[in-house]
Amino acid sequence: MKKNLVVGAGFSGATIAHLIASKLDEKVIVVDKKNHIAGNCFDYKDKNGIMIHKYGSHIFHTNEEKVWSFIKQFGDFNQYMHKVIAIIDGIETTIPFNFNTLYDVFPNTLAEKLEKKLLEKFQYNTKVPILEFQKQDDEDLKFLANYVYEKVFLHYTTKQWGVTPNDVDGAVTARVPVYLSKDSRYFQDKYQGIPLQGYSALIEKMLSHPNITVKLQTDYKQLKNEYDRVFYTGAIDEYFDYKFGQLPYRSVNFKFEEYDREFYQSNSVVNYPCNYDFTRIHEYKHYLNDKSPKTVIAKEYSEFFELGKNERYYPIPKDENAMLYNKYKEEAKKLSNTYFLGRLGDYKYYDMDKAILRAIELFEENFND
Ligand code: FAD
Ligand code: UDP
């Protein structure tokens, strides 16, 4: 029987491990250098009974039927639909910027005028990335575009990526487009929610198979090369000992605070696009409606990833980084029976559903009859 090694117990590793174990009926060893499973999606109940997302808020959302039917096998989800509040000029409003935001931040007469012009120019319910939205001829719409750029994107993006929106790949800010709609949800996906027992429990279930053995606090580098196949969800540049140089990442630092009151803020996530050094504040008890007289929040600060100092969180989408990644990808192709996947293995800004989809497709392409 073939021996499989999966490096990383996040969603990517757990998905491929589960498929190999259940569909091929082969043994799988899953190792992770952390002292817990679930990678960046790790959550745990604290002493107050509040489910904490250790590495920042995680909201599951997908339009992928394949992913949804796969993931539902391992636990139920609530029907939480995410909204993000942003504080703009001291006003609490929702983003993505939409018609509701328009009326929150401007006097009614100005909002009405802008709404009319927007509806003359764009079809209702369309999404326009900010870098596109800035291309306006009309003076009033130009004013609006500059306002949104400055108040929503400029400072937040500079805090998050260390550069202005013009210097990050357009796909990054396009994740939060201007939305010509009254739908104030952050995502419009068909399926959205939070797993009722948490992400760690969901992933534990994926890994609970008689063919799977999990070893924590185990680095791939410590292992002997005695496997028939390796599925590697760690950083691809690290795998190749940085022979072409390091792939850059952004890291994040979460400062946790506990308060002796029921709620700290009105919503799970509040963005601070204009003020302070943190980008956003997470308040976890909103996700599963956890009851406690106390509350726990985390302030999120972004910083560059530095080897040995902090963790990799965000690949940085940029042409020069893609070129460097491609060199590693070419090296990877020369290896037989070693597969790279996941946010770190593919150096791609995957949401959870896309990480799972990538693992399912890798399995289907290589191992389905
Ligand atoms: P990871 O979760 O990073 O897992 C990789 C694992 O490999 C890690 O556990 C690591 O310890 C292990 N590993 C690495 N190298 C080695 C080695 N040499 N030896 C052993 N183990 C190793 N997605 C959403 O869909 N919704 C959200 O709301 C959302 N919010 C996010 C918020 C933040 C702040 C961040 C950073 C991400 C967010 N994501 C969200 C994305 C989500 O976290 C990823 O899609 C998901 O974690 C990818 O899973 P993965 O298994 O590919 O990677
Ligand atoms: N963004 C912004 N202001 C906001 C929210 C998002 O400028 O209030 C930009 C920023 O560049 C951010 C990107 O849009 O990195 C994507 O936001 P998203 O919330 O999807 O990021 P993630 O949750 O992955 O950190």
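Residues numbered from 1 in each chain as written. Chains lettered and ligands numbered in written order. Predicted model: local features only at pLDDT ≥ 70, side-chain atom pairs only at ≥ 80, totals over all residues. Heavy atoms only, no water.

Asker: Please explain the site of ligand 2 as it appears in this structure.
Answerer: With respect to spatial proximity, 16 residues lie near ligand 2, and among them W161, R175, Y186, Y314 and Y349 are the closest. Interatomic distance of 2.5 Å between a side-chain N/O atom of Y186 and an oxygen atom of ligand 2. Y349 places a polar side-chain atom, nitrogen or oxygen, 2.6 Å from an oxygen atom of ligand 2. If ligand 2 stood free it would expose 520 Å²; the protein chains cover 94% of that surface. Residue assignment for the shell around ligand 2 shows that the elements contributing at least two residues are α6 (139–161) and α7 (170–173). For the shell around ligand 2, the leading source of residues is α6, giving 6 residues. Residues of the shell around ligand 2, tallied by class, amount to 10 nonpolar, 4 polar and 2 charged. (Near = heavy atom within 4 Å. Polar contact = N/O pair within 3.5 Å; in protein donor to acceptor, adjacent residues only side chain to side chain. Areas by Shrake-Rupley, 256 points an atom, 1.4 Å probe, with all protein chains shown as cover. Helix = DSSP H or I, 4+ residues; strand = E, 2+ residues; numbered from the N terminus. Nonpolar A, V, L, I, M, F, W, Y, C, P; charged D, E, K, R; others polar.)

Asker: Can you help me understand the site of ligand 1 in this one?
Answerer: In the vicinity of ligand 1 lie 32 residues, with S12, D32, H58, Y350 and M352 positioned nearest. Note that a nitrogen atom of ligand 1 is positioned 3.1 Å from one of the backbone N or O atoms of S57. Between ligand 1 and M352, the relevant distance is 2.8 Å, taken from an oxygen atom to a main-chain nitrogen or oxygen of the residue. Burial of ligand 1 by the surrounding chains reaches 96%, relative to a free accessible area of 1000 Å². Mapped onto the shell around ligand 1, the elements with two or more residues apiece are α1 (11–23), α12 (342–345) and α13 (352–367). Of the residues belonging to the shell around ligand 1, the class tally is 14 nonpolar, 11 polar and 7 charged.

Asker: I'm lost on the pairing of strand β13 (residues 249–259) in this one. Help?
Answerer: One face of the sheet, then the other: side chains in a regular strand alternate in exactly this way. The pairing of β13 with strand β17 (residues 314–315) spans 2 bridges and is classified as antiparallel. Bridge assignment links R250 to a residue of β17, and that residue is Y314. Summarising the sheet, β13 and strand β16 (residues 295–304) pair through 10 bridges and their orientation is antiparallel. Opposite S251, over in β16, you have E303 as the bridge partner. (Pairing = 2+ DSSP bridges.)

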